[in-house]
Amino acid sequence: SYFAKNGIGSFHTEIRPLGTPATDPPDRQAWNSYRLPLYALAKATWDANITAADILHDWTTHLYGPAAKPMAEYYWAMEEAWRKAPGHPSYVSNPAASFIDGFISDSLLKKSNELLDQADVLAKTIEDPKDHKRTIDQIELERGLLARWKELFDLKSGRAQYSTVSAPFAKDAGIDTEVGVSL
């Protein structure tokens with residue numbers, strides 16, 4: 001590998017450890033959001049000539065089994081939309097709200113949900129209980145990540161729903177803790 005040939009024994013990221021914070025659902029844990037880019041980085045460190053298509057094929061085949069095709073289409077659709085977004089989308093230098101409407105669209109959401117539905121149907125054909133659960137869990141994780149993008153898109157486009165916000169520490173001070181907020 002490139003790293004081994006050049007004496008690089010390790011590298012570090014600034015991503016919070018896997019499973020943290022433990023109280024957050026999986027789609028809110030940073031590690032899960034970055035699992036494909038981290039996988040791609042690991043694959044590319046061993047083979048500098050590997051292509052994005054090779055990496056995605058390997059990822060979807062091993063993680064999704066018979067649901068690999070619609071999942072690969074889903075990832076490619078998200079990649080294409082990301083690349084076509086105006087400016088330089090980045091969580092670091094550009095808050096997601098600043099570019100969400102140039103990245104997410106109603107047509108992308110529709111297509112993505114259709115592909116995730118197709119993947120669900122194909123995943124049901126997996127007979128091994130452990131593989132079946134892993135595949136379904138991964139599809140549901142992608143649904144959760146997509147739902148986060150949709151929430152932000154709806155907020156920016158003025159379609160957000162009425163929500164309840166709770167402030168548990170304020171309750172101790174005798175302040176009403178549930179306030180309805182229309183987003």
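Within every chain, residues take consecutive numbers counted from 1 along the sequence as written. Owing to the predicted nature of the model, reporting of local features is limited to residues with pLDDT of at least 70; listing and counting of side-chain atom pairs is limited to 80 or more, with chain, interface and lining totals taken over all residues. Side-chain numbers here rest on the full set of heavy atoms in the structure, without hydrogens or water.

## Overview of the overall build of the chain
Part 1 of the argument: Runs of E in the DSSP output that reach at least two residues are strands. Runs of H or I that reach at least four are helices, and both are numbered from the N terminus. Helix and strand content of the chain: 9 helices and 2 strands.
Part 2 of the argument: When the helices and strands of the chain are placed in sequence order, the string is α-α-α-α-α-α-α-α-β-α-β.
Part 3 of the argument: Accessible area is worked out with a 1.4 Å probe on protein chains only. A residue is then buried under 20% of its type maximum, exposed over 50%, and partly exposed in between. A burial count over the chain gives 31% of its 183 residues as buried.
Part 4 of the argument: Contacts: residue pairs with any heavy atoms within 4.5 Å of one another. Of the contacts formed within the chain by residues at least 6 apart in sequence, a portion of 54% connects residues at least 24 apart.
Part 5 of the argument: Surface exposure here means Shrake-Rupley accessible area, sampled with a 1.4 Å probe, where a residue is shielded only by the protein chains that are shown. Carbon and sulfur atoms provide 58% of the accessible area of the chain, an area that totals close to 11,900 Å².

## A few points about the side chain of Thr 60
Part 1 of the argument: Along the polypeptide, Thr 60 turns up in helix α4 (residues 52-64).
Part 2 of the argument: Here a polar contact is taken to be a pair of N or O atoms separated by no more than 3.5 Å, where protein atoms must pair a possible hydrogen donor with a possible acceptor and residues adjacent in sequence count only if both atoms sit in side chains. One polar contact links the side chain of Thr 60 to the main-chain carbonyl oxygen of His 57, over a distance of 3.3 Å.
Part 3 of the argument: Those residues in contact with Thr 60, other than ones at most four positions away along the chain, are Gly 65, Ala 68, Met 71, Ala 72 and Tyr 75.

## Description of the pattern of salt bridges
Part 1 of the argument: By definition, a salt bridge exists where a carboxyl oxygen of Asp or Glu is found within 4 Å of a side-chain nitrogen of Lys or Arg. Tallied over the full model, the rule gives 13 salt bridges.
Part 2 of the argument: A salt bridge links Glu 142 to Arg 35, with the nearest nitrogen and oxygen atoms 2.7 Å apart. Of this pair, Glu 142 sits in helix α8 (residues 129-156) while Arg 35 sits in helix α3 (residues 35-46), and the two are 107 residues apart along the sequence. As far as the burial class goes, Glu 142 and Arg 35 line up, both buried.
Part 3 of the argument: The salt bridge partner of Asp 117 is Arg 143, with a shortest N-O separation of 2.7 Å. Linking Asp 117 in helix α7 (residues 106-123) with Arg 143 in helix α8, this pair joins segments that are 26 residues apart in sequence.
Part 4 of the argument: The class for Asp 117 is partly exposed, based on a relative accessible area of 42%.
Part 5 of the argument: When salt bridges with common partners are traced through the structure, they connect Asp 117, Asp 120, Glu 140 and Arg 143 into a single cluster.

## Side note on the confidence of the model for the chain
Part 1 of the argument: With 75% of its residues at a pLDDT of 70 or more, the chain has an overall mean of 82.
Part 2 of the argument: Every residue is assigned a pLDDT by the predictor, reflecting its confidence on a scale from 0 to 100. Of all the helices and strands in the chain, strand β2 (residues 178-182) carries the lowest mean pLDDT, 48, while α7 carries the highest, 98.
Part 3 of the argument: Counted against residues more than four places away or in other chains, residues 179-183, with its pLDDT under 50, gives 14 contacts.

## Remarks on the environment of Asp 47
Part 1 of the argument: Along the chain, Asp 47 turns up in the loop between α3 and α4.
Part 2 of the argument: Reaching out from Asp 47, the side chain makes a polar contact with the backbone nitrogen of Asn 49 at a distance of 3.0 Å.

## Section: the packing of helix α6 (residues 96-103) against α8
Part 1 of the argument: The geometry of α6 relative to α8 is characterised by a closest axis approach of 9 Å and an angle of 95 degrees between their N-to-C directions. Accordingly, the angle class assigned to the pair α6 and α8 is roughly perpendicular. Contacts between α6 and α8 involve Ala 96, Ala 97, Ser 98, Phe 99, Ile 100, Asp 101 and Phe 103 on the former and, on the latter, Trp 149, Leu 152, Phe 153 and Lys 156.
Part 2 of the argument: For this classification, Asp, Glu, Lys and Arg are treated as charged, while Ala, Val, Leu, Ile, Met, Phe, Trp, Tyr, Cys and Pro are nonpolar and the rest, including Gly, are polar. Class assignment for the residues of the contact of α6 with α8 results in 8 nonpolar, 1 polar and 2 charged. Interaxial angle, 0 to 180 degrees, is taken between N-to-C directions of lines fitted to C-alpha atoms, where a helix line uses only the stretch in contact. We call two directions roughly parallel when the angle between them is under 35 degrees, roughly antiparallel when it is over 145, roughly perpendicular when it lies between 65 and 115, and oblique otherwise.

## Quick word on the nonpolar core
Part 1 of the argument: We call a set of buried residues a nonpolar core when its members are Ala, Val, Leu, Ile, Met, Phe, Trp, Tyr or Cys and they connect through side-chain atoms within 4.5 Å of each other. Formed by 30 residues in total, the largest nonpolar core has its most connected members in Phe 103 and Ile 104.
Part 2 of the argument: Of all the elements in the fold, those that place two or more residues in this core are α4, α5 (68-84), α6, α7 and α8.
Part 3 of the argument: With 7 residues, α5 is the single largest residue contributor to this core.
Part 4 of the argument: When neighbours within four sequence positions are excluded, Ile 104 is seen to be in contact with Met 78, Leu 109, Trp 149 and Phe 153.

## Brief notes about the packing of aromatic side chains
Part 1 of the argument: Only rings of Phe, Tyr and Trp enter the pairing, Trp through its six-membered ring, and a pair is recorded when the two centres are within 6.5 Å. The plane angle decides the type: under 30 degrees is stacked, over 60 is edge-to-face, the rest tilted. This structure, assessed with the given rule, holds 8 aromatic pairs.
Part 2 of the argument: Between Phe 99 and Trp 149, the aromatic rings sit 6.4 Å apart at their centres with planes inclined by 50 degrees, giving tilted as the arrangement. Taken together, the positions of Phe 99 in helix α6 and Trp 149 in helix α8 put the pair 50 residues apart, joining distant regions of the chain.
Part 3 of the argument: Clustering of aromatic rings is evident, with ring pairs tying together Trp 82, Phe 99, Phe 103 and Trp 149.

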